[in-house]
Amino acid sequence: MSDELTHTDEGDVQMVDVGDKPDSRRRAVARGTIHLAPSTVKAVRADGIDKGDVLATARVGAVQAVKHTWESIPMCHSIPITNVDTEFTVEDDRIHLVVAVETTGKTGCEMEALEGVTTGLNTLWDMVKAAEKNDQGGYPDTRIDGVEVLTKEKERVE
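Because the structure is predicted, anything quoted here is derived from the model rather than measured.

Some thoughts on the pairing of strand 4 (residues 81-90)
As paired strands, strand 4 and strand 5 (residues 94-105) are joined by nine bridges and run antiparallel to one another. The residue bridging Asp85 from the neighbouring strand is Ala100, located in strand 5. Counting the residues between successive antiparallel strands, the hairpin from strand 4 to strand 5 contains three residues.

Printed below as a string of structure tokens:
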């Protein structure tokens with residue numbers, strides 16, 4: 001790891017200047033998991049959640065988050081998103097979300113992939129929270145974990 005910090009200038013925070021970097025095709029993939037009560041997952045599978053289609057809504061939330069990452073992470077650049085792919089895997093007591101983001105530009109898209117996963121999973125939680133809530137108002141079976149970047153790729157554009 002370099003001793004030189006790229007986001008500070010004598011103690012002040014700054015955005016990194018990427019103006020001189022060459023354009024590259026970039027792709028990042030992130031994933032995460034939401035753990036739920038088996039009865040909630042069963043209701044999601046049966047389209048039995050009162051708020052509507054849980055996975056479709058979470059997919060829209062993930063895509064929206066990818067497109068707006070630069071607005072919520074202070075030093076992120078606004079980048080042209082060329083593709084967002086979302087994939088849900090539903091198990092008995094959890095739902096996994098994988099978000100792949102593609103761009104062509106001067107900086108990567110891993111923050112966008114992470115933002116897509118976390119917002120997609122938060123949206124999913126919001127959609128099922130009435131089914132998950134116990135008599136004391138808590139969510140004993142619900143948690144989000146395993147959020148991570150799986151891959152980050154870069155191919156120089158000639």
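A few points about the sheet that holds strand 4
Paired through their backbone hydrogen bonds, the strands of a sheet run either parallel or antiparallel. Pairing is antiparallel across the open sheet formed by four strands, whose spatial order is 4-5-3-6. In this open sheet, the two edge strands, each paired with only one partner strand, are strand 4 and strand 6 (143-156). Ignoring which end each strand starts from, the neighbouring axes of this sheet average 15 degrees apart. By the bridge criterion, eleven bridges tie strand 3 (residues 24-35) to strand 6 in an arrangement that is antiparallel. When the sheet's bridge partners are listed, Arg27 is paired in strand 6 with Glu153. The strands touched by helix 2 (residues 54-67) within the sheet are strand 4 and strand 5, with strand 4 carrying the most contacts at an inclination of about 145 degrees.

Quick notes on the pattern of salt bridges
Counted under the stated rule, the structure contains eleven salt bridges. For Arg31, the salt bridge is made with Glu148, and the minimal N-O distance between the two is 2.5 Å. Here Arg31, found in strand 3, pairs with Glu148, found in strand 6; they are 117 residues apart in sequence, far enough to count as distant. Where Arg45 meets Asp92, a salt bridge forms, and the shortest distance between an N and an O atom there is 3.7 Å. Residue Arg45 is located in helix 1 (residues 38-45), and its partner Asp92 is located in the loop between strand 4 and strand 5; the two are separated by 47 residues in the primary sequence. One network of salt bridges, with partners in common, ties together Lys51, Asp126 and Lys129.

Some details on helix 4 (residues 110-132)
With 23 residues, helix 4 extends 31 Å from end C-alpha to end C-alpha; this agrees with the ideal 33 Å at 1.5 Å per step. The largest bend in helix 4 is about 40 degrees, located at Asp126.

Looking at the side chain of His35
Locating His35 in the fold gives a position in strand 3. Within the structure, the side chain of His35 is placed 3.0 Å from the side chain of Asp145, a separation counted as a polar contact. For His35, the residues in contact, after removing those within four places along its chain, are Asp93, Arg94, Glu132, Asp141, Thr142, Arg143 and Asp145.

Conventions used here
- Residues numbered from 1 in each chain as written.
- Predicted model: local features only at pLDDT ≥ 70, side-chain atom pairs only at ≥ 80, totals over all residues.
- Heavy atoms only, no water.
- Pairing = 2+ DSSP bridges.
- Helix = DSSP H or I, 4+ residues; strand = E, 2+ residues; numbered from the N terminus.
- Axes fitted to C-alpha atoms, helices over the stretch in contact; angles between N-to-C directions.
- Contact = heavy atoms within 4.5 Å.
- Salt bridge = Lys/Arg side-chain N within 4 Å of Asp/Glu carboxyl O.
- Expected span 1.5 Å × (residues − 1).
- Bend = angle between axes of the 7 residues up to and from the residue.
- Polar contact = N/O pair within 3.5 Å; in protein donor to acceptor, adjacent residues only side chain to side chain.

Shape descriptors only; they carry no functional weight alone.
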